[in-house]
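Each chain, written out:
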Amino acid sequence: MGKRHPNLPAWQWRAYPGNHQHPTNLVLHLIAVPLFIVAFLLIVSGVFSLSLASVAIGVIGIVAALGLQRHGHGLEAQASEPFSDRKDAVSRLLVEQFLTFPRFFLSGGWWRAWRERHRRH
């Protein structure tokens, strides 16, 4: 059984700035998170409208978004905690896409990390 984080959003938020500092990772997240959200919504829409094409395009979008983020995370000096199992991966990925990254961006965390990029890299 995987690790349990009783308050996943709070746990993820505490570590988020530390493993989102590399300039390439910041830019990739700026592209990949909106792509993930749109692709997810396309899948939901496709399921309700019975559109196999929408579902397929959504799946491709999610795979691309996660691939971009995985590449970006690989550039970070401080690695994210590895996933313990599939449930841990799905819950952490969904919270990051729909809550933590938007909060990081809207709170100014993304911009602070971007301004600091030359001091670290």
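Cut-offs and rules
- Residues numbered from 1 in each chain as written.
- Predicted model: local features only at pLDDT ≥ 70, side-chain atom pairs only at ≥ 80, totals over all residues.
- Heavy atoms only, no water.
- Helix = DSSP H or I, 4+ residues; strand = E, 2+ residues; numbered from the N terminus.
- Polar contact = N/O pair within 3.5 Å; in protein donor to acceptor, adjacent residues only side chain to side chain.
- 1 Å grid on protein atoms, 1.4 Å probe; cavity = no way out; pocket = protein on both sides within 12 Å on 5 of 7 lines; lining within 4 Å.
- Points joined across faces, edges and corners; volume = space filled by probe spheres on them.
- Nonpolar A, V, L, I, M, F, W, Y, C, P; charged D, E, K, R; others polar.
- Salt bridge = Lys/Arg side-chain N within 4 Å of Asp/Glu carboxyl O.
- Buried < 20%, exposed > 50% of the residue type's maximum accessible area, 1.4 Å probe, protein only.
- Expected span 1.5 Å × (residues − 1).
- UniProt positions renumbered as here; feature names shortened; annotations may be inferred.

A.B. asks: Give a description of the side chain of Asp88 that names residues and reports values.
C.D. replies: Following the sequence through the fold, Asp88 ends up in helix α4 (residues 86-106). Among the polar contacts made by the side chain of Asp88, one reaches the main-chain amide nitrogen of Ser84 at a distance of 2.9 Å.

A.B. asks: Talk me through the layout of surface pockets; I want residue IDs and the actual numbers.
C.D. replies: The volume enclosed by the largest pocket comes to roughly 420 Å³. Taken together, 19 residues form the lining of the largest pocket, with His73, Ser80, Phe83, Leu93 and Glu96 sitting closest to its centre. Those elements that place two or more of their residues in the lining of the largest pocket are α1 (8-15), α3 (52-74) and α4. Of all the elements, α3 adds the most residues to the lining of the largest pocket, at six residues. Residues that form the lining of the largest pocket fall into these classes: eight nonpolar, seven polar and four charged.

A.B. asks: Break down the pattern of salt bridges for me, citing the residues and quoting the values.
C.D. replies: Two side chains of opposite charge can pair, provided their charged atoms sit close to one another. This structure, assessed with the given rule, holds one salt bridge. Between Asp88 and Arg92 there is a salt bridge whose closest N-O contact spans 3.0 Å. Here the residue Asp88 and the residue Arg92 both occupy positions in helix α4, the gap between them amounting to four residues, near one helical turn. You can call Asp88 buried: its relative accessible area is 5%. The buried category is assigned to Arg92, whose relative accessible area is 5%.

A.B. asks: Go over α3, please, and point to the residues and values.
C.D. replies: Helix length check: α3 (23 residues) gives 33 Å between terminal C-alpha atoms against 33 Å at 1.5 Å per residue, within 8%. Of the residues making up α3, those classed as buried are Ser54, Gly58, Gly61, Ile62, Ala65, Gln69, Gly72 and His73.

A.B. asks: Now, about the UniProt feature "transmembrane region" (unreviewed entry) in the chain: what can you tell me, with residues and values included?
C.D. replies: Mapped onto this structure's residue numbering, the UniProt feature "transmembrane region" (unreviewed entry) falls at residues 26-44 and 50-68. Across residues 26-44, the secondary structure splits into 100% helix and 0% strand, with the terminal C-alpha atoms separated by 27 Å. As annotated, residues 50-68 has a helix share of 89% and a strand share of 0%, and its two end C-alpha atoms lie 28 Å apart.

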